[in-house]
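Residue-level structure breakdown
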Amino acid sequence: MLQLTGKTARAVEAVVVVADHLGSPLNSRELSSLLDCPERFLEPMMQKLVRANILVSQRGPGGGYVLARERRRVSLYDILAALEADQEQPSFISDTGKATLAPIFAQVHESRRKQLQEVNLDMLTRRKAAKPATQDFTI
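A surface patch of nonpolar side chains, amounting to about 320 Å² of accessible area, comprises Leu101, Ile104, Phe105 and Val108. Structurally, Leu101 is set in helix α5 (residues 95-117).

Here it is as structure tokens:
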């Protein structure tokens, strides 16, 4: 069942930041600086996103991460599913669990899947652009 944890939320933020760079590669150092988190924290999640064909990792000087597909073709569901691919789905052993709980969990999962598929990176980057930047007036 897809869950938005602190870790997955940070990875979604990373993908939105990469998507906002419009084709120019963003390396791990820059990305971790923008998100204020260690590179070693981000790197395993970024590799999962590369394996899921959401991001492409370009090597060498000037390399970094770019989107593998158009922003409108990457849904929030795609990102979360890639990050949680190795997590165990709930399974019910008893007849009660199989008969009563399993169908409800399946309905909830399907409903969440549909909602998350309706949100794509294009929508998220537009939202980000529409938000006024916070200003720091300290001297």
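Before going further, it helps to examine the layout of surface pockets. Its volume calculated, the second largest pocket comes out at about 200 Å³. Forming the boundary of the second largest pocket are 13 residues, of which Ser57, Gln58, Arg59, Gly63 and Gly64 lie nearest the centre. Elements with a minimum of two residues in the lining of the second largest pocket: α3 (39-51), β1 (55-58) and β2 (64-67). When the residues that make up the lining of the second largest pocket are grouped by side-chain class, the tally is two nonpolar, nine polar and two charged.

On to α3. Helix length check: α3 (13 residues) gives 18 Å between terminal C-alpha atoms against 18 Å at 1.5 Å per residue, within 8%. By the burial criterion, the buried members of α3 are Leu42, Met45, Met46 and Leu49. Summarising the contacts, the buried residues of α3 are in contact with α1 (6-20), α2 (28-35), β1, β2 and α4 (76-83).

Time to look at the nonpolar core. In terms of nonpolar packing, the biggest core is built from 29 residues, with Leu31, Met46, Leu49 and Ile79 touching the most fellow members. Among the secondary structure elements, those contributing two or more residues to this core are α1, α2, α3, β2 and α4. Considering each element in turn, this core owes the most residues, eight residues, to α1. If we ignore the near neighbours within four places in the chain, the residues touching Met46 are Ala14, Val18, Leu31, Leu55 and Tyr65.

Here we come to the packing of α1 against helix α6 (residues 121-130). Between α1 and α6, whose axes approach to 10 Å, the crossing angle comes to 80 degrees. It follows from the interaxial angle that α1 and α6 lie roughly perpendicular. Along the contact surface, α1 presents Val15, Val16, Ala19 and Asp20, while α6 presents Leu121, Leu124, Thr125 and Lys128. In terms of residue class, the contact of α1 with α6 is built from five nonpolar, one polar and two charged.

One non-glycine residue, Asp36, lies in the positive phi region at around 55 degrees. Its location among the elements puts Asp36 in the loop between α2 and α3. At Asn53, a residue that is not glycine, the phi angle is positive and equals roughly 60 degrees. In this fold, Asn53 is placed in the loop between α3 and β1. The class of Asn53 is partly exposed, set by a relative accessible area of 43%.

Let's shift gears to the pairing of β2. Bridge analysis of β1 against β2 gives four bridges, and the strand direction is antiparallel. Each bridged residue has a counterpart across the sheet, and for Gln58 the counterpart in β2 is Gly64. Counted between consecutive antiparallel strands, the loop separating β1 from β2 contains five residues, among which Gly60 sits at a positive phi close to 90 degrees.

Now for the environment of Asp36. Given the relative accessible area of 67%, Asp36 is considered exposed. For the pair Asp36 and Arg10, spaced 26 residues apart in sequence, the C-alpha to C-alpha distance is 10.0 Å.

Here is what the cut-offs are and how they apply
Along every chain, residues carry numbers that run from 1 in the direction the sequence is written. With pLDDT at 70 or above as the cut-off, local features in this predicted model cover only qualifying residues; side-chain atom pairs require 80 or more to be listed or tallied, and sums for whole chains, interfaces and linings still use all residues. The basis for every side-chain value is the complete set of heavy atoms in the structure, and neither hydrogens nor water enter the calculation. What goes into a patch is any residue over 30% in relative accessible area without a salt bridge, connected to like charges within 9 Å or, for nonpolar side chains (Val, Leu, Ile, Met, Phe, Trp, Tyr), within 5 Å. Each accessible area is a Shrake-Rupley estimate made with a 1.4 Å probe; only the visible protein chains count as cover when residues are assessed. Note on definitions: salt bridges are taken to be side-chain nitrogens of Lys or Arg within 4 Å of carboxyl oxygens of Asp or Glu. Counting from the N terminus, the helices are the DSSP runs of H or I reaching at least four residues and the strands are the DSSP runs of E reaching at least two. With a 1 Å grid spanning the protein atoms alone, the term cavity applies to any set of points in which a 1.4 Å probe fits but cannot get out, the term pocket to an open set with protein on both sides within 12 Å along at least five of seven lines, and the term lining residue to any residue with an atom within 4 Å of a point. Grid points are joined across faces, edges and corners, and a volume is the space filled by probe spheres set on the points. The classification used treats Ala, Val, Leu, Ile, Met, Phe, Trp, Tyr, Cys and Pro as nonpolar, Asp, Glu, Lys and Arg as charged, and all other residues, Gly among them, as polar. Helix span, as expected, comes to 1.5 Å for every residue beyond the first. Exposure is judged per residue with a 1.4 Å probe applied to protein chains only, and the accessible area is read against the type maximum: over 50% gives exposed, under 20% gives buried, and values in between give partly exposed. Two residues qualify as a contact provided that any one of their heavy atoms is within 4.5 Å of a heavy atom in the partner residue. Side-chain atoms within 4.5 Å link the members of a nonpolar core, which is a set of buried Ala, Val, Leu, Ile, Met, Phe, Trp, Tyr and Cys residues. Convention adopted: a line fitted to C-alpha atoms gives each axis, helices being fitted over their contacting stretch, and angles between N-to-C directions are expressed from 0 to 180 degrees. Oblique is the label for any angle not covered by the other classes, which are roughly parallel (under 35 degrees), roughly antiparallel (over 145) and roughly perpendicular (65 to 115). In this description, strands pair whenever DSSP reports at least two bridges between them.

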